[in-house]
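Summary of the model geometry
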Amino acid sequence: MDKKVLKAVTVFLGILTILVCVTFPFFPKLHTYAVAAREARETARANEHITIKRQDPEKVVEADNSMSAQLKIELPQGLTEQDISFENDYLDQTIYIRFPNGVDDYFADYSMSGSSDHIAGISYYKENGDGVIMMELDQVCELQDTVDSGYLYVNFIDPHEIYDKVVVIDAGHGAKAVGAVKQGIYEKDIDLAIVLELKKILDADTEDNIGVYYTRTDDSDPSLEKRVQLANKAKADLFISVHNNSSASGKMTGMNGTQVLYSESDDSELSSQRLAQICLDYVSSAFESTSIGLLPGDDIYIIRSSEVPVALVEVGFMTNADELAKLNSQEYQAKAAEGIYEAIKQAFEEGY
Ligand SMILES: [Zn+2]
């Protein structure tokens, strides 16, 4: 009897070992599926947003064909340039123009004229006594404003008119979405730390005229829809998302190295796959890690929804003790950032 049990256990363990060995190469892929499932949930949540009642720009903006991508906004009497404050929320492609002594209904009392080319929606509301004109744009715009004789003039400028190249950088996860957790270290914090190191490098680069937009530079968690829309609405030349990997089981293993996901449905000449390869080469070299290779990533929402060349860099494995120590050190976070920076420059060399 005991021998039978022993035999059964031996056979069972044998089968288990074979199963693990056979599926082992797919473990990173399984992690990808897990990420995709969580992303789908996040997207569903994000879709339940509160709707804001807004005006039709064509009704409230008096068309003036002499003005192109410019608005002329009448200001309440006595206001000067110093009274007006602007907020340009790139992530939402929404601008807020705030002024003191807000009236109840701006559109009833004042006029607005010009071209509403980039304006998808317009609203007015009062907040703490201030009047706020809120404009939803159909793309990321930079603004230029002047005040003259009681009117505010706002120019809407395509980032590509200002910058030679436009890049969108995404630090994975954020806030309650912590990503992988290992030894009390959250993936979201490492992703952000690497992106902030990259920001330091890009901010210091005054030679290349690169416009950079970030999905987050703090512990926030923009929806996946917003993250990818920032890249699409900025018509970014490159969209790079920074993440870190973990084994499928979440247990500490020997598996380590850099891996980059790309969109297999992007068959353009300057493809997502080529961008991913550039990122893989430069990041694994700078981060001194094993290059594991590329992985098709259309299961991931931000990859399949990107209309611009996209690469999702899994810098290293948090489930590998040595790599976790590197990922958690400022020295290697900076090295990973340097690798991404070099990859960006190389991509532009290649014509992206
Ligand atoms: Zn991640």
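Looking up the protein chain in an unreviewed UniProt entry gives the name N-acetylmuramoyl-L-alanine amidase, with the organism given as Roseburia porci.

**What to know about the pattern of salt bridges**
Taken as a whole and assessed by the stated rule, the structure comprises 15 salt bridges. The partner of Asp-158 in a salt bridge is Lys-235, with the nearest N and O atoms 2.6 Å apart. Of this pair, Asp-158 sits in the loop between strand 9 (151-157) and helix 5 (159-162) while Lys-235 sits in the loop between helix 7 (224-233) and strand 14 (238-245), and the two are 77 residues apart along the sequence. When its relative accessible area of 39% is taken as the criterion, Lys-235 is described as partly exposed. Through salt bridges with shared partners, one network takes in Arg-98, Glu-127 and Asp-130.

**Structural notes on the nonpolar core**
In this structure, Ile-169, Ile-194, Leu-238, Cys-279, Val-315, Ile-340 and Ile-344 are the most contacted members of the largest nonpolar core, which totals 42 residues. In terms of residue count, helix 11 (residues 330-349) provides more of this core than any other element does, 9 residues in total.

**Overview of the packing of helix 8 (residues 272-286) against helix 11**
In the contact formed by helix 8 and helix 11, the axes pass within 8 Å of each other and the chain directions differ by 145 degrees. Our pair here, helix 8 against helix 11, has a crossing hand that is right-handed. Contact residues: helix 8 offers Leu-275, Ile-278, Cys-279, Tyr-282, Val-283 and Ala-286, while helix 11 offers Lys-335, Ala-336, Gly-339, Ile-340, Glu-342, Ala-343, Gln-346 and Ala-347. Its residues assigned to classes, the contact of helix 8 with helix 11 comprises 10 nonpolar, 2 polar and 2 charged.

What counts and how
- Residues numbered from 1 in each chain as written.
- Predicted model: local features only at pLDDT ≥ 70, side-chain atom pairs only at ≥ 80, totals over all residues.
- Heavy atoms only, no water.
- Salt bridge = Lys/Arg side-chain N within 4 Å of Asp/Glu carboxyl O.
- Helix = DSSP H or I, 4+ residues; strand = E, 2+ residues; numbered from the N terminus.
- Buried < 20%, exposed > 50% of the residue type's maximum accessible area, 1.4 Å probe, protein only.
- Core = buried A, V, L, I, M, F, W, Y, C linked by side-chain atoms within 4.5 Å.
- Axes fitted to C-alpha atoms, helices over the stretch in contact; angles between N-to-C directions.
- Left-handed = near helix turned anticlockwise from the far one by under 90°.
- Contact = heavy atoms within 4.5 Å.
- Nonpolar A, V, L, I, M, F, W, Y, C, P; charged D, E, K, R; others polar.

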